[in-house]
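If you want the building blocks of each chain, they are given just below.
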Amino acid sequence: MSGILARLSGVSRIYQKGKEKVEVLHELDLEIPDGDFVAIMGPSGSGKTTLLNLLGGLDKPTAGTVKVGDAELSSMSNSQLSRWRSNHVGFIFQFYNLLPVLTAHRNVELPLLLTNFSAKERAKRASIALDIVGLGDRAKHYPRELSGGQEQRVAIARAIVSDPSLLLCDEPTGDLDRDTADEILKLLQVLNREHGKTIVMVTHDAQAAEYAKRTLHCDKGTLEAKEAA
Amino acid sequence: MKYFRLIWKNVWRKKIRTSLTILSVFVAFLLFSLLSAFSFAFRGGVDVADAERLIVIHKVSLVNLLPMSYLNRIAATDGVASVTHATWFGGYYQEQRNQFGQFPVDPDAYFAMYPEFNISTEQFEAFKRNRTGAVVGQELATRFDWEVGDRIPIQATIWSRTDGERTWEFDLEGIFSTDDPRGSTAIMLFHYDFLEEARAFAKGTVGWYILRVESGADPVQVAKSVDLLFANSPAETKTSTEAAFAQSFTKQFGNIALIVMLILGAVFFTLLLVSGNTMSQSVRERINELAVLKTLGFGDRTVLGIVLSESIVIMLIGGLLGLGLGWILVQGIAKQMAAFLPGIFLSPGAILGAIGLMIGAGVLAGIFPAVKAMRLTIIEALARA
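Residues numbered from 1 in each chain as written. Chains lettered and ligands numbered in written order. Predicted model: local features only at pLDDT ≥ 70, side-chain atom pairs only at ≥ 80, totals over all residues.

Visitor: Sorry if this is basic, but what is going on with the overall build of chain B here?
Guide: Scanning chain B from N- to C-terminus turns up 15 helices and 13 strands. Relative to the compact-globule value of 21 Å for 385 residues, chain B shows a C-alpha radius of gyration of 29 Å, a clear excess of over 25%. If one aligns the C-alpha atoms of chain B with their principal axes, the spans along those axes are about 95 × 45 × 35 Å. Here chain B holds 385 residues, and the buried ones make up 38% of them. Here the contacts in chain B between residues at least 6 apart in sequence split such that 83% fall between residues at least 24 apart. (Helix = DSSP H or I, 4+ residues; strand = E, 2+ residues; numbered from the N terminus. Rg over C-alpha atoms; globule rule 2.2 N^0.38 Å. Buried ≥ 20, exposed ≤ 12 C-beta atoms within 10 Å, placed from the backbone. Contact = placed C-beta atoms within 7 Å.)

Okay, here's the thing in structure tokens:
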């Protein structure tokens, strides 16, 4: 690990629910080194997804700062955050969130539409990403024609196609059986070890967390290291 | 263009719903093209009107006749370069449905007044020599398959002959054309002298006068001078420009432009509701997908543009299909109705207007769902899913 990729300092996130204020994260400090694979565990409502959203620039802290690479996310506008996300971060969701009207190849190509690459270059990069996740032969298939594990692989290919430094995974194996989940987690390990991707994974699954280099426990808006890899 | 595939795939997400919406757009623009073509025919005379030609009619109405004696007095008026006359004959060929304009005229003066009509010198001279001769426009000749030398019987609805007969026979001596594609040549011209000699009543009268204003003269002032000549006479006149005359003639059939506007207004209002509803449903159904696009880095404006483009694409598919079929139908209808209503034409202006309308309607139908998609908060949308 060469340096710190993401740093959260004194981050609080308070949501207004009707007249009530709910503090989901409380003065949280966190450093994620470049090349880390960190699992975040915790009960529902503990703030782990909020933490992921802050790291991905999908949400802004009520207090404190979120810095990823050279970008100070907490002070960026929505359009700046959109551009930053397209270049620096890949998202992997529990329910894959592929567009059903597009083939696997076109789904993977989606983030590249935001770049200036030619159609040929986009197609080439999408094919490489699909090859990395082992689905080069499923490029023309629509999501409905794929299994859950294959859909999640396509989602991973979509997350890595623009070569981001940070992958944010929200329960990536939550909708998969054990064997398929293990395949996906091994794939994430490969991306971390061989391709140098920094991965932050939120999970309820202790077995899934074992694939990470370290695990953090999130509870009542604070974090503590549970174990080190 | 790089978003086109995504837009196209989204448009056809629900094939039946999109097809039905496109069908409604198709019908609306088919109607638009047909009504535009008819509207063009009704106002065709206005478009080809010559600003230097004035029309003098009876002040009461076009139906009332004017004395032939006015001709020389109008010709002597300051600012008048030349003058001629015409009269509505109102006959039909073989069957009542074969009605078209027949006008008894002074050949030399009339063709001098309308230089846009082209006829060969030989045919024109033959027409002038034959008292029962007639010339017809190319449109009419094509419509009835007439050739020079044909004997054409016209059944009069107004003018009976001195012997009580209502059939007038003419020798076709020539066929004329016009260079102006908007101008109609679905008319027949014959000798006023023949009408005057043979008609049973209203001798010494004409339907209206046409005068050409001298170069540099003020048409409004000339019109006033002419009307002043016949003020307080039994046959007072009303002089107007050819365009104003054509407009007042068209208004005999009602305010065509207003009728067309009202029909199209109702159609397009319904169309906006239908397509607006389609777009709203489409956006509601894929809140999660739009949130995913935003998560991937698609900006608010890009998402707005994608949804708006989907709406415009739906309008363009249905609209262009409707316009295309309309154009084909107009060609056929124009041929079939050339005798009754010449000048049915889907003009380039109407086509461009229709395309503008498609884009405008697409924007209107899509703007609210598109703004909703643009304002979507990623976290809320993903949490809802």
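Visitor: Just to check I follow, could you spell out the interface of chain B and chain A for this structure?
Guide: When the parts of a complex come together, some accessible area is lost, and that lost area is often taken as the interface size. If you look at the interface, chain B gives 18 residues, while chain A gives 19 residues. No other element matches helix α12 (residues 287-296) of chain B, which puts six residues into the side of chain B that touches chain A.

Visitor: Please clarify how unusual backbone geometry should be interpreted in this entry.
Guide: If a residue is not glycine, its phi is most likely negative; likewise, a peptide bond is most likely trans. All names here are of chain A. At tyrosine 96, a position not held by glycine, the phi torsion is positive, near 65°. Its location among the elements puts tyrosine 96 in the loop between β6 (89-92) and α3 (104-109). Tyrosine 96 gets classed as buried once you count the C-beta atoms within 10 Å, which come to 23. In this structure, glutamate 171 is a non-glycine residue whose phi angle is positive, near 50°. Relative to the helices and strands, glutamate 171 resides in the loop between β7 (166-170) and α6 (178-193).

Visitor: How do you make sense of the environment of glycine 149 of chain B when you look at a structure like this?
Guide: Within the secondary structure, glycine 149 of chain B is located in the loop between α7 (138-144) and β8 (151-156). In this structure, the C-alpha to C-alpha distance between glycine 149 of chain B and valine 274 of chain B, residues 125 residues apart in sequence, is 59 Å.

Visitor: Got a minute to help me understand the sheet that holds strand β1 (residues 53-58) of chain B in this structure?
Guide: The strands that make up a sheet pair up through hydrogen bonds in the backbone, lying either parallel or antiparallel. All names here are of chain B. Across the sheet, four strands lie side by side as β3-β12-β1-β13; this open sheet has antiparallel pairing. Both outer strands of the open sheet, β3 (80-86) and β13 (237-241), are each paired with one neighbouring strand and no more. Recorded for the sheet is a direction-independent mean angle of 25° between the axes of neighbouring strands. Alignment of β1 against strand β12 (residues 208-213), held across four bridges, turns out to be antiparallel. Its bridge partner lying in β12, isoleucine 55 is registered against isoleucine 210. This element, helix α9 (residues 219-229), spans β1, β3, β12 and β13 of the sheet and lies at about 165° to β13. (Pairing = 2+ DSSP bridges. Axes fitted to C-alpha atoms, helices over the stretch in contact; angles between N-to-C directions.)

Visitor: What is the right way to read the packing of helix α1 (residues 4-11) of chain B against helix α13 (residues 300-336) of chain B from this model?
Guide: Each pair of packed helices gets described by two things: the angle between the helix axes and the distance between those axes. Residue and element names in this part refer to chain B. Axis separation between α1 and α13 bottoms out at 9 Å; the angle between their running directions is 60°. Considering the relative orientation of α1 and α13, their crossing is right-handed. Seen from α1, the contacting residues are Leu6, Ile7, Asn10 and Val11; seen from α13, they are Ile306, Ser309, Glu310, Val313 and Ile314. When grouped by side-chain class, the residues that make up the contact of α1 with α13 number six nonpolar, two polar and one charged. (Left-handed = near helix turned anticlockwise from the far one by under 90°. Nonpolar A, V, L, I, M, F, W, Y, C, P; charged D, E, K, R; others polar.)

Visitor: Teacher, can you tell me more about the sheet that holds strand β2 (residues 20-33) of chain A here?
Guide: All names here are of chain A. An order of β2-β1-β4-β5 is seen for the four strands of this open sheet, with the pairing classed as antiparallel. In this open sheet, the two strands that pair with only one neighbour each are β2 and β5 (71-72). Inspection of the sheet shows strand β1 (residues 4-17) paired to strand β4 (residues 63-68) by five bridges, in the antiparallel sense. The residue bridging serine 9 from the neighbouring strand is threonine 65, located in β4.

Visitor: Would you take a moment to explain the pairing of strand β9 (residues 167-178) of chain B for this structure?
Guide: On a regular strand, each side chain points to the face opposite its neighbour's, so the side chains alternate between the two faces of the sheet. Residues and elements named next belong to chain B. Summarising the sheet, strand β6 (residues 117-118) and β9 pair through two bridges and their orientation is antiparallel. Bridging across to β9, asparagine 118 finds its partner in serine 177. Sheet topology note: the strand β7 (residues 133-137)/β9 ladder contains five bridges and is parallel. Note on β9: the bridge partner recorded for valine 136 is isoleucine 175.

Visitor: Whenever I open this one, the environment of alanine 134 of chain B confuses me. Can you help?
Guide: Residues and elements named next belong to chain B. Summarising the element assignment, alanine 134 is placed in strand β7. A residue is classified by how many C-beta atoms lie within 10 Å of it, and alanine 134, with 24 of them, is buried. Taking the C-alpha atoms as reference, alanine 134 lies 5.6 Å from leucine 189; in sequence the two are 55 residues apart. With sequence-adjacent residues up to four places away left out, alanine 134 is seen in contact with Ile152, Phe170, Asp171, Leu172, Glu173, Met188, Leu189 and Phe190.

Visitor: What exactly am I supposed to notice about the environment of glycine 134 of chain A here?
Guide: All names here are of chain A. By secondary structure assignment, the location of glycine 134 is in the loop between α4 (119-132) and α5 (148-160). By the C-beta count within 10 Å, which is 13 here, glycine 134 ends up partly exposed. Each C-alpha atom of the pair glycine 134 and leucine 187 lies 9.5 Å from the other, and the pair is 53 residues apart in sequence.

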